[in-house]
Amino acid sequence: MNTTASPAPSEKQVSAWTPFAHGGFTLLWTATLVSNIGTWMHDVGAGWLMTTLTPSPATVALVQAATTAPIFLFALFAGALADCVDKKKLLIIVNIAMAITAGLMTLAVQSDMMSPALLIIFTFALGAGAAFIAPAWQAVVPSLVPRSALQPAIALNSMGINIARAIGPAVAGFLIASVGLVTPFLANLISLLIIIIALLAWKSGEKSDNTLPPEPLFGAMLTGLRHALYNDALKATLARALGFFVSASAYWALLPLIAKGIDDNLLGGGAQLYGILLTSTGAAAVIGALILPSLRKSMSASTLVSLGTLGTAGALLILALAPYTITAILGSLLAGVSWIAVLTSLNVSAQTSLPNWVRARGLAVLLMVFFGSMTIGSTVWGQVAEQAGISVALGTAAASLLVALPILRNVELGGGENLDLTPALHWAALPPLPSNSGDRGPVLVTIDYIIDPDDEAAFLSAIHSLKDERFRDGAYDWGIGQSAENSDQWTEYFLVSSWLEHERQHARVTHADKNLQADVRKFHKGDMRPRVSHLIAPVKDRGSK
């Protein structure tokens, strides 16, 4: 099977189903769907198992926290790793480790050895596996489809997650009630084995023209964080994510307790109702994913996130004020549509703001904010429910969502959608280092400009916009100075950690960065191009006695 991406379709040819024309995407999407069904069955089983082990709302909410905390803790390291190694191999190794963990968990449940502490440990371990998978998998998606099909590919991924959410909980609730609590955990083990087989069959076609050595992991993590700090489009996405997920986490953290507490002589509370509520959420999210492309034609991503935030607040209020089966189902439907609107919009905004070389790390930062917010929120809302009751916790979470809306109203999403983030490769080739000197650093790069005094203010404004680009691409210090001897001469400088890192910087500069540099260079009045110089630190211990 040829599973590499097919030629890019024209804009008019792109539809919600276009990504399925690409073999690699179809193979991994299908296998991931099966895996996600198993994951949701596991999550339902874990949440319900904890309610049978302890009645404490705070402890039940810790299951959600144990799922999300590892992604917050490990996502950046995982993103740096995914940017530095073969993503296919990484995905296979991590899924094998998760399958072993799922097998041990299944045995523990079957043999009645599970305890609240052990359940949280197993959940944390599987969450750690998810932390290493998520950045790599999200970074793989753009290589499976052309850029023109990226948005529908992301929407289909979200839809697949929610199809799994619609199927998995319902099946889990039925199996728990009719067969036993061990079945969701066994199903998760089987689904992990299926995704491993699919990854082995996938011909990734991942190739790199980069002949430089891989980045050191710690340095790669710092570079990824620095890029995120100076990427305005990504920062806007992170701000909107933080404003939503801390409060929205109350829905997922408290839903098992909501289901367990409902008994209105219709369907009654219990595992089956919990599965029905999650199925309602997932089914509504699938419908939302199908209508999102049409909505995006008439409204911006920022507007969709605001509407999704309002919808989520409404769902929480319904569950808080009317805890009955029918109203709970209606609230879950509203929550599902709202959740997919927010999640897909934020994911597309992040994907389009990141160049390929740092994509996994940038998405890892988004995942850190997402799951860190979910972890904090789950813990907080569990404690509020413990002290004041579930309805108070849900109502307070809804109020905090409404408060966040006006605070973030001017934070616009999608700032990277119209930027060309492919490598420009327009910088002049670097000279070779002296032989036997190894990799040396730090490196001080200077660029000399001749500026007409009348253009100084405009030049300084333009070059301060260029500052962020230098930091995004690997510099850790930057400055601009005017010559005391010749007032027409201005020198820009930036520092990079090593010569190798500066070589990587040459490969990272995008066409959008090239345009920023052109905006600065148009003020240069010299007869020649701005003069670029490189100063490198001496070889260690040379000349020092």
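Notes on the structure in this doc start here.

Rules behind the numbers
- Residues numbered from 1 in each chain as written.
- Predicted model: local features only at pLDDT ≥ 70, side-chain atom pairs only at ≥ 80, totals over all residues.
- Heavy atoms only, no water.
- Core = buried A, V, L, I, M, F, W, Y, C linked by side-chain atoms within 4.5 Å.
- Buried < 20%, exposed > 50% of the residue type's maximum accessible area, 1.4 Å probe, protein only.
- Pairing = 2+ DSSP bridges.
- Helix = DSSP H or I, 4+ residues; strand = E, 2+ residues; numbered from the N terminus.
- Axes fitted to C-alpha atoms, helices over the stretch in contact; angles between N-to-C directions.
- Contact = heavy atoms within 4.5 Å.
- Polar contact = N/O pair within 3.5 Å; in protein donor to acceptor, adjacent residues only side chain to side chain.
- Phe/Tyr/Trp six-rings, centres within 6.5 Å; stacked < 30°, edge-to-face > 60°.
- Lys NZ or Arg CZ within 6 Å of the ring centre and 35° of its normal.
- Patch = residues over 30% accessible without salt bridge, like charges linked within 9 Å, V, L, I, M, F, W, Y side chains within 5 Å.
- Areas by Shrake-Rupley, 256 points an atom, 1.4 Å probe, with all protein chains shown as cover.
- Salt bridge = Lys/Arg side-chain N within 4 Å of Asp/Glu carboxyl O.
- Parallel < 35°, antiparallel > 145°, perpendicular 65-115°, else oblique.
- Left-handed = near helix turned anticlockwise from the far one by under 90°.
- Nonpolar A, V, L, I, M, F, W, Y, C, P; charged D, E, K, R; others polar.

## Overview of the nonpolar core
Inference 1: If you look at the biggest cluster of nonpolar residues, it comprises 130 residues, and the most contacted ones within it are Phe245 and Trp339.
Inference 2: With 20 residues, the next largest nonpolar core counts Phe459, Ala462, Val496 and Phe523 among its residues.

## Considerations on the sheet that holds strand 2 (residues 477-482)
Each strand in a sheet pairs with its neighbour through backbone hydrogen bonds, running either in the same direction (parallel) or in the opposite one (antiparallel).
Inference 1: Pairing within the open sheet is antiparallel, and its 4 strands lie in the order 2-3-1-4. On the outer flanks of this sheet lie strand 2 and strand 4 (531-536), each paired with one strand and no other. Here the strands of the sheet are splayed against their neighbours by 20° on average, with no regard to which way each runs.
Inference 2: Packing of helix 15 (residues 499-508) onto the sheet brings it into contact with strand 1 (443-450), strand 3 (489-496) and strand 4, and relative to strand 3 it is tilted by some 110°.

## Describing the side chain of arginine 440
Inference 1: As for its position among the elements, arginine 440 is in the loop between helix 13 (390-407) and strand 1.
Inference 2: One polar contact links the side chain of arginine 440 to the main-chain carbonyl oxygen of alanine 537, over a distance of 2.9 Å.

## Topic: the pairing of strand 1
Inference 1: Burial analysis of strand 1 places 6 of its 8 residues in the buried class, the great majority of the element.
Inference 2: Pairing of strand 1 with strand 3 involves 8 bridges; the strand directions are antiparallel. Within the sheet, the bridge partner assigned to tyrosine 449 lies in strand 3 and is tryptophan 490.
Inference 3: Relative to strand 4, strand 1 is paired through 6 bridges, and the arrangement is antiparallel. Counted as the bridge partner of valine 445 is histidine 534 from strand 4.

## Notes on the packing of aromatic side chains
Inference 1: Evaluation of the coordinates by the stated rule reveals 16 aromatic pairs.
Inference 2: When the centroid spacing of 5.8 Å and the interplanar angle of 55° are considered together, the rings of phenylalanine 20 and phenylalanine 25 count as tilted.
Inference 3: Ring centres of phenylalanine 20 and tryptophan 29 lie 5.0 Å apart, and the angle between their planes is 80°; on these two criteria the pair is classed as edge-to-face.
Inference 4: Overall, tryptophan 29 belongs to the buried group, its relative accessible area being 12%.
Inference 5: Taken together, the ring pairs connect Phe244, Phe245, Tyr251, Trp252, Trp339 and Phe370 into an aromatic cluster.
Inference 6: Stacked on the ring of tryptophan 357, the Lys or Arg arginine 508 has its end atom at 4.2 Å from the ring centre.

## A few points about the environment of leucine 343
Inference 1: By the element assignment, leucine 343 lies in helix 11 (residues 325-351).
Inference 2: Relative accessible area serves as the criterion here: at 18%, leucine 343 is assigned to the buried category.
Inference 3: Once residues within four sequence positions are removed from consideration, leucine 343 is found in contact with Phe245 and Phe370.

## Thoughts on a nonpolar patch on the surface
Inference 1: On the surface, Trp17, Ile287, Leu290 and Ile291 cluster together into a nonpolar patch covering about 400 Å² of accessible area.
Inference 2: Assessed through its relative accessible area of 40%, isoleucine 291 is described here as partly exposed.

## A few points about the packing of helix 1 (residues 23-53) against helix 6 (residues 182-201)
Inference 1: Interaxial distance between helix 1 and helix 6 falls to 8 Å at its minimum, and their mutual angle equals 160°. By the angle between their directions, the pair helix 1 and helix 6 is classed as roughly antiparallel. The handedness of the crossing between helix 1 and helix 6 is left-handed.

## So, the packing of helix 11 against helix 12 (residues 359-388)
Between two packed helices, what matters for the description is the angle formed by their axes and the separation of those axes.
Inference 1: It is at 10 Å that the axes of helix 11 and helix 12 come closest, and there the two elements cross at 150°. The pairing of helix 11 with helix 12 is recorded here as roughly antiparallel in orientation. Here helix 11 and helix 12 pass one another in a crossing that is right-handed. Contacts between helix 11 and helix 12 involve Trp339, Leu343, Leu346, Ala350 and Gln351 on the former and, on the latter, Arg359, Leu363, Leu366, Phe370 and Met374.
Inference 2: Here the contact of helix 11 with helix 12 is composed, by residue class, of 8 nonpolar, 1 polar and 1 charged.

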